[in-house]
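Tertiary structure, described
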Amino acid sequence: MSISRRDALKFSAITAATVSINAYANPTSTKSKETFNSNTFKAPIPDTKNQRVVVVGGGWSGLTVAKYTKRFAPNSDVILVEQRDHFVSCPISNLWLVDNVELEFLTHDYLQAARENDYIYFQAAATNLDKKNKILKTSNGDISYDYIVFAPGIDYDYSLWTDDLAFERRLRQEYPAGFKPGSEHMTLKNKVKNFKGGNFILTVPKGNYRCLPAPYERACIIADYFKQNRLDAKVILLDENNTITIKEKGFLSVFTELYKGYLEYYPNSKIENINLDEKIVETEFEEFNFEDASFYPQIRGAKILQTVGIAKDTQHNKLEGDIDFFTYEVKGEKDIFISGDARPMGFSKSGNTSHSEGQFVAKILAAKINKQPAPKWESPTTTCFSAVSIKPQRAIYIYTQYAPMKSGRFRFDKTYSDEEWRGKQGAINGDSIFDWATALYTDMFSS
Ligand SMILES: Cc1cc2nc3c(=O)[nH]c(=O)nc-3n(C[C@H](O)[C@H](O)[C@H](O)COP(=O)(O)OP(=O)(O)OC[C@H]3O[C@@H](n4cnc5c(N)ncnc54)[C@H](O)[C@@H]3O)c2cc1C
């Protein structure tokens, strides 16, 4: 069966209390079923007799788990624990780098999401887990739970490049990857806008890094900006993989046809050394001088998974969640789940994937709370538009689901891709980026 771009968009859209805490709660206040002791302080959250689901991480997956758990199990008490005080989207941020979209389009309100979907947003960092007593420790107090879902996303892992913390700190601070939202993106935007000319290096790590197409999309957008502004400048894209990891035909043709002289692509470019003082990057076979750069190291599951002992040391120190691939439950534990980019399965680490997966995890939780049979496994859905030029606005597209194989891994299933950017379809895809994002933001932040 092939699924058209329009069907896929529709599918994404369809399937698609607030407490701000600075003071500690009254430590003497207790709740009958909770087992807090004198060493703990209780988060200032009203007691409940209902079953409580705590979701750690208010990104694409956590927001979706929180909303749909409450929707599918209205009698549950749902608490979203997120360290940030507002949401900024990574998807579409490459367009913001060159002012093609306002920051407001990317920025969203956790309080609104919680109000409209009848759960509690609790701003705090999760710091540990008392599994025996079912209590989440946070920077703003302890929260008891019946079920807990970790959806904390990713962290960077610089260990393949260096074990020198001072050097790592320089990379993080002076040349941030820009694959987590916030200051990293602001630094990157300033670098691009202030670039005077020469080589601007971007890198692509090996493996299933966050958002396979995003480094190639970013390279196109920055090259487009250099071209529009007639700068004597080019993007040097150093890819550790042996070719473009997704939408290869589309990106390769864009690189050669649209950005000749503004973008050079080097596959098989394992980085051997980065000299920040002399501004030279060495790969196995070549040396590149640079005027500015953004270095994207390999990624790992967010650190909280390791801290609470639910990360698995898979290949190359990836420390993603140690879960059953079909139930999302942590192996050897009960009532602890992991969703989103922190998962170990080889699904695309994308917002759309994390969102659709969040809906399935919510169904699992609701079935437990409502004492219904567990739902049958559903594949997550990856629907992904990548901009290839700004003026005119054009994009390429892929849709896929996944099917399990005998090996225990997953393969692409029902895949449809649309990588022809030159004609009318490229322009239609260019517009669809905004329709897709609006549909998903609306789903996560509105009722
Ligand atoms: C430049 C760029 C472009 C992209 N483009 C696309 C695209 O076009 N389409 C697409 O589908 N995807 C895209 N993505 C990928 C998408 O952003 C991610 O796949 C998605 O954000 C993953 O969702 P998540 O919920 O797993 O993690 P996140 O969205 O990262 O959310 C994790 C949340 O957990 C919070 N958290 C972490 N630890 C703690 C803790 N200890 N306590 C409390 N909170 C915590 C974090 O603050 C964060 O808010 C892009 C990514 C980038 C960087």
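Described below are features of the structure shown in this document. (Residues numbered from 1 in each chain as written. Predicted model: local features only at pLDDT ≥ 70, side-chain atom pairs only at ≥ 80, totals over all residues. Heavy atoms only, no water.)

1. Some words on the packing of aromatic side chains
Considering all chains together, one arrives at 37 aromatic pairs under this definition. Centre to centre, the rings of F195 and F226 are 5.3 Å apart; their planes meet at 25°, and the pair counts as stacked. Here the residue F195 occupies a position in the loop between helix 7 (183-193) and strand 11 (198-204), and F226 occupies one in helix 8 (residues 214-228), the gap between them amounting to 31 residues. For the pair F195 and F226, a shared accessibility class is recorded, and that class is buried. The interplanar angle of 45° and the centroid separation of 5.7 Å between the aromatic rings of F326 and F410 together place this pair among those described as tilted. Taken together, the positions of F326 in the loop between strand 20 (320-321) and strand 21 (336-338) and F410 in strand 24 (residues 410-418) put the pair 84 residues apart, joining distant regions of the chain. What makes F410 buried here is its relative accessible area of 15%. The structure contains a cluster of three or more aromatic residues connected by ring pairs, namely W60, F87, F105, Y110, Y121, F434, W436, Y441 and F445. In this structure, K134 is placed above the aromatic ring of Y147, and the distance from its NZ or CZ to the ring centre is 5.9 Å. Between K180 and the ring centre of Y156, over which it is positioned, the NZ or CZ distance is 5.9 Å. (Phe/Tyr/Trp six-rings, centres within 6.5 Å; stacked < 30°, edge-to-face > 60°. Helix = DSSP H or I, 4+ residues; strand = E, 2+ residues; numbered from the N terminus. Buried < 20%, exposed > 50% of the residue type's maximum accessible area, 1.4 Å probe, protein only. Lys NZ or Arg CZ within 6 Å of the ring centre and 35° of its normal.)

2. Digging into the side chain of K189
Considering the arrangement of structural elements, one finds K189 in helix 7. By relative accessible area, which is 11% here, K189 ends up buried.

3. So, the pattern of salt bridges
This structure, assessed with the given rule, holds 26 salt bridges. With a shortest N-O distance of 2.9 Å, R170 and E174 are connected by a salt bridge. Of this pair, R170 and E174 are both found in helix 6 (residues 165-174), four residues apart, which corresponds to roughly one turn of the helix. Overall, the relative accessible area of 32% leaves E174 in the partly exposed class. Between R422 and E257 there is a salt bridge, and its shortest N-O distance comes to 2.6 Å. Here R422, found in the loop between strand 24 and helix 12 (424-445), pairs with E257, found in helix 9 (residues 248-258); they are 165 residues apart in sequence, far enough to count as distant. Residues joined by salt bridges that share partners form a network here, namely D99, K189 and K193. (Salt bridge = Lys/Arg side-chain N within 4 Å of Asp/Glu carboxyl O.)

4. Things to note about the packing of helix 8 against helix 9
How two helices pack is summed up by the angle between their axes together with the distance between the axes. In contact at an axis separation of 11 Å, helix 8 and helix 9 are set at 15° when each is read in the N-to-C sense. Accordingly, the angle class assigned to the pair helix 8 and helix 9 is roughly parallel. Every pair of crossing elements has a handedness; the one defined by helix 8 and helix 9 is left-handed. On the side of helix 8, the interface is formed by Y216, E217, C220 and K227, while helix 9 contributes F251, V254, F255 and L258. Of the residues contributing to the contact of helix 8 with helix 9, the split by class is six nonpolar, no polar and two charged. (Axes fitted to C-alpha atoms, helices over the stretch in contact; angles between N-to-C directions. Parallel < 35°, antiparallel > 145°, perpendicular 65-115°, else oblique. Left-handed = near helix turned anticlockwise from the far one by under 90°. Contact = heavy atoms within 4.5 Å. Nonpolar A, V, L, I, M, F, W, Y, C, P; charged D, E, K, R; others polar.)

5. Some remarks on the pairing of strand 12 (residues 233-239)
Where burial is concerned, most of strand 12 is hidden: six out of the seven residues are buried. A crossover connection joins strand 11 to the parallel strand 12 through helix 8; in handedness this β-α-β unit is right-handed. Looking at chain direction, strand 12 and strand 13 (residues 263-266) are connected through four bridges and run parallel. Across the sheet, residue L238 finds its bridge partner in strand 13, namely Y266. The β-α-β motif built from strand 12, the intervening helix 9 and the parallel element strand 13 has right-handed crossover chirality. (Right-handed = clockwise from strand over helix to strand, strands pointing away. Pairing = 2+ DSSP bridges.)

6. Examining the site of the ligand
Surrounding the ligand, one finds 35 residues, the nearest of these being E82, A126, R210, D341 and G351. One of the backbone N or O atoms of D341 is found 2.8 Å from an oxygen atom in the ligand. Within the contact set of the ligand, an oxygen atom lies 3.3 Å away from a backbone nitrogen or oxygen of S350. Within the complex, the protein chains bury 93% of what would otherwise be the 1,000 Å² of accessible surface of the ligand. Elements supplying a minimum of two residues to the shell around the ligand: helix 2 (60-72), strand 2 (77-82), helix 3 (93-96), helix 8 and helix 11 (351-369). Considering every element that reaches the shell around the ligand, the biggest residue donor is helix 11, with three residues. For the shell around the ligand, the per-class residue count stands at 15 nonpolar, 14 polar and six charged. (Near = heavy atom within 4 Å. Polar contact = N/O pair within 3.5 Å; in protein donor to acceptor, adjacent residues only side chain to side chain. Areas by Shrake-Rupley, 256 points an atom, 1.4 Å probe, with all protein chains shown as cover.)

7. Let's talk about the side chain of S89
When you line up the elements, S89 lands in the loop between strand 3 (87-88) and helix 3. A distance of 2.8 Å separates a polar atom in the side chain of S89 from a polar atom in the side chain of Y441. When neighbours within four sequence positions are excluded, S89 is seen to be in contact with W60, L106 and Y441.

8. Things to note about the environment of S61
Within the fold, S61 resides in helix 2. On a C-alpha basis, the gap between S61 and S350 in space is 9.8 Å, while along the polypeptide they are 289 residues apart. The contact partners of S61, leaving out residues within four places of it in the chain, are A151, S339, G340, S354, E357 and G358. A distance of 3.4 Å separates a polar side-chain atom of S61 from the backbone nitrogen of G340.

9. With respect to the sheet that holds strand 6 (residues 126-130)
Pairing is antiparallel across the open sheet formed by three strands, whose spatial order is 6-7-8. Each edge of the open sheet carries a strand with a single partner, namely strand 6 and strand 8 (141-144). Strand-to-strand twist of the sheet, defined as the mean angle between neighbouring strand axes without regard to direction, takes the value 25°. Strand direction decides the pairing type here: strand 7 (residues 135-138) and strand 8, joined by four bridges, are antiparallel.

None of this, on its own, says anything about what the molecule does.
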